[in-house]
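Below are the chains, spelled out letter by letter.
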Amino acid sequence: MSIERLQERLAEAGDRKTKEWWEAYLKHSLPFRGLKLPQVRAVLHAWIKTENFIDLLSSEQLDTALALIREPWGEDKLAGILIIQEVLLKHKSIDWESDLPKFAELFDGGYIKEWNTCDWFCVKVLNPLIKQQGKPCATAVMEWCNADNLWRKRASVVSFVNLAKQGDRNFPEFTQMLLDTCGIVIQSSERFAQTGTGWALRELSLADRQAVVEFIETHSTKFSSEGLRYAMEKFPPNLQTQLKQYRQQQLKSIASKTSDRL
């Protein structure tokens with residue numbers, strides 16, 4: 001199985017304006033060939049048919065997907081992600097215990113190094129994998145909150161965005177587990193750790209607003225303004241104002257105590 005023929009098809013289908021848009025949108029963190037998501041999917045599935053890809057062993061299919069994600073091009077990475085989502089996960093051929101370490105290496109090896117690929121991977125791979133394989137898999141992904149790699153840390157919360165609004169209906173103790181994970185990620189002041197945490201909390205507030213309010217109050221000084229805005233996005237305006245004022249009061253108190261010690 002060779003991925004070169006797929007890459008040739010992706011390159012042929014590329015459009016210069018689309019390439020320039022993607023690269024500008026992601027601040028030139030990745031090179032692009034110039035395809036939109038539906039085009040990547042169409043090219044990929046045509047290649048799958050002509051290469052008899054479905055007849056391969058699932059381990060070979062996964063190796064191909066991982067090889068594509070290791071390629072530098074944005075569309076190649078997406079094609080690899082789509083193979084995992086639309087072939088392997090569809091046929092329940094991914095096992096979190098054996099395959100999650102391989103996914104972690106994509107982050108730690110620098111093959112997932114910006115928010116776009118990170119979030120695609122979270123939404124299209126990790127989220128459905130967690131839904132398939134339940135609490136043990138969710139626990140393992142949440143443990144990524146302790147990772148040194150920023151993007152794997154972000155994945156520990158963003159992977160749960162589409163599950164968070166269900167709260168404990170996902171499984172017992174889900175809400176507290178996600179709050180504990182957010183409590184670790186929010187310690188990082190890095191923008192994408194902050195926005196990832198805020199995004200997860202925003203959706204979790206639909207299941208348990210009070211728990212999220214209490215979390216914000218407890219961790220108010222750890223939030224960036226942007227992270228807090230994300231977390232409160234689905235709160236009524238008066239509650240947003242109240243929590244912003246609380247954060248400002250806490251920050252002023254810390255500044256005053258610091259000044260007194262100097």
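What comes next is a walk through the structure. (Residues numbered from 1 in each chain as written. Predicted model: local features only at pLDDT ≥ 70, side-chain atom pairs only at ≥ 80, totals over all residues. Heavy atoms only, no water.)

**Topic: the packing of helix 10 (residues 174-185) against helix 11 (residues 191-204)**
For clarity, the threshold we go by: Angles here are taken between N-to-C directions and fall from 0 to 180 degrees, while the axes themselves are lines fitted to C-alpha atoms, restricted in helices to the stretch in contact. The numbering of helices and of strands both runs from the N terminus, where a helix is a DSSP run of H or I of at least 4 residues and a strand a run of E of at least 2. Throughout, the term roughly parallel applies to angles under 35 degrees, roughly antiparallel to angles over 145, roughly perpendicular to angles from 65 to 115, and oblique to all others. Each helix crossing is assigned a hand: it is left-handed if the near helix lies turned anticlockwise from the far helix by less than a right angle, otherwise right-handed if that turn is clockwise. The contact definition used throughout considers only heavy atoms, calling two residues in contact when any of these lie within 4.5 Å.
With their axes 10 Å apart at the nearest point, helix 10 and helix 11 run at an angle of 160 degrees to one another. Judged by the inter-axis angle, helix 10 sits roughly antiparallel to helix 11. Considering the relative orientation of helix 10 and helix 11, their crossing is left-handed. Facing helix 10, whose interface residues are F174, T175, L178, L179, C182 and V185, helix 11 presents A193, T197, A200, L201 and L204.

**Section: the pattern of salt bridges**
Rules: Throughout this description, the term salt bridge denotes a Lys or Arg side-chain nitrogen within 4 Å of a carboxyl oxygen of Asp or Glu. For each residue, the accessible area found with a 1.4 Å probe, counting protein chains only, is set against the maximum for its type, and the residue is called buried under 20%, exposed over 50%, and partly exposed in between.
Following the criterion strictly, the structure yields 14 salt bridges and no others. Between E51 and R5 there is a salt bridge, with its nearest N and O atoms 2.6 Å apart. With a gap of 46 residues between them, E51 in the loop between helix 3 (37-50) and helix 4 (58-69) and R5 in helix 1 (residues 4-13) connect regions that are remote in the sequence. The class for R5 is partly exposed, based on a relative accessible area of 42%. Between E203 and R202 there is a salt bridge, with its nearest N and O atoms 2.8 Å apart. The class of E203 is buried, set by a relative accessible area of 3%. The class of R202 is buried, set by a relative accessible area of 15%. One connected set of salt bridges, linked through shared partners, spans K165, R202, E203, E233 and K234.

**Some details on the side chain of H219**
Examined against the element boundaries, H219 turns out to sit in the loop between helix 12 (209-218) and helix 13 (225-231). Overall, the relative accessible area of 18% leaves H219 in the buried class. Aside from chain neighbours lying at most four places away, what touches H219 is G183, I186 and Q187.

**Topic: the layout of surface pockets**
As a reminder, the rule being used: Throughout, the protein atoms alone are placed on a 1 Å grid, and a set of points is a cavity if a 1.4 Å probe fits but cannot get out or a pocket if it is open with protein on both sides within 12 Å along at least five of seven lines; lining residues have an atom within 4 Å of a point. Grid points are joined across faces, edges and corners, and a volume is the space filled by probe spheres set on the points.
By volume, the largest pocket amounts to about 340 Å³. What lines the largest pocket is a set of 15 residues, and nearest its centre among them are Y25, L26, W115, R191 and F192. Of all the elements, helix 11 adds the most residues to the lining of the largest pocket, at 4 residues.

**Some thoughts on the packing of aromatic side chains**
Test applied: Two aromatic rings, drawn from Phe, Tyr or Trp (for Trp, its six-membered ring), form a pair once their centres lie within 6.5 Å of each other, and the interplanar angle then sorts them: stacked below 30 degrees, edge-to-face above 60, tilted otherwise.
A complete count under the given rule lists 14 aromatic pairs for this structure. Taking 5.7 Å as the distance between ring centres and 80 degrees as the angle between the ring planes, the aromatic pair formed by Y25 and W115 counts as edge-to-face. On the criterion of sequence distance, the pair formed by Y25 in helix 2 (residues 16-25) and W115 in helix 7 (residues 115-142) is long-range, its members being 90 residues apart. Judged by relative accessible area, Y25 falls into the partly exposed class, the value being 42%. Put simply, the rings of W21, W22, Y25, F32, W115 and W120 touch in pairs and so form one group of aromatic residues.

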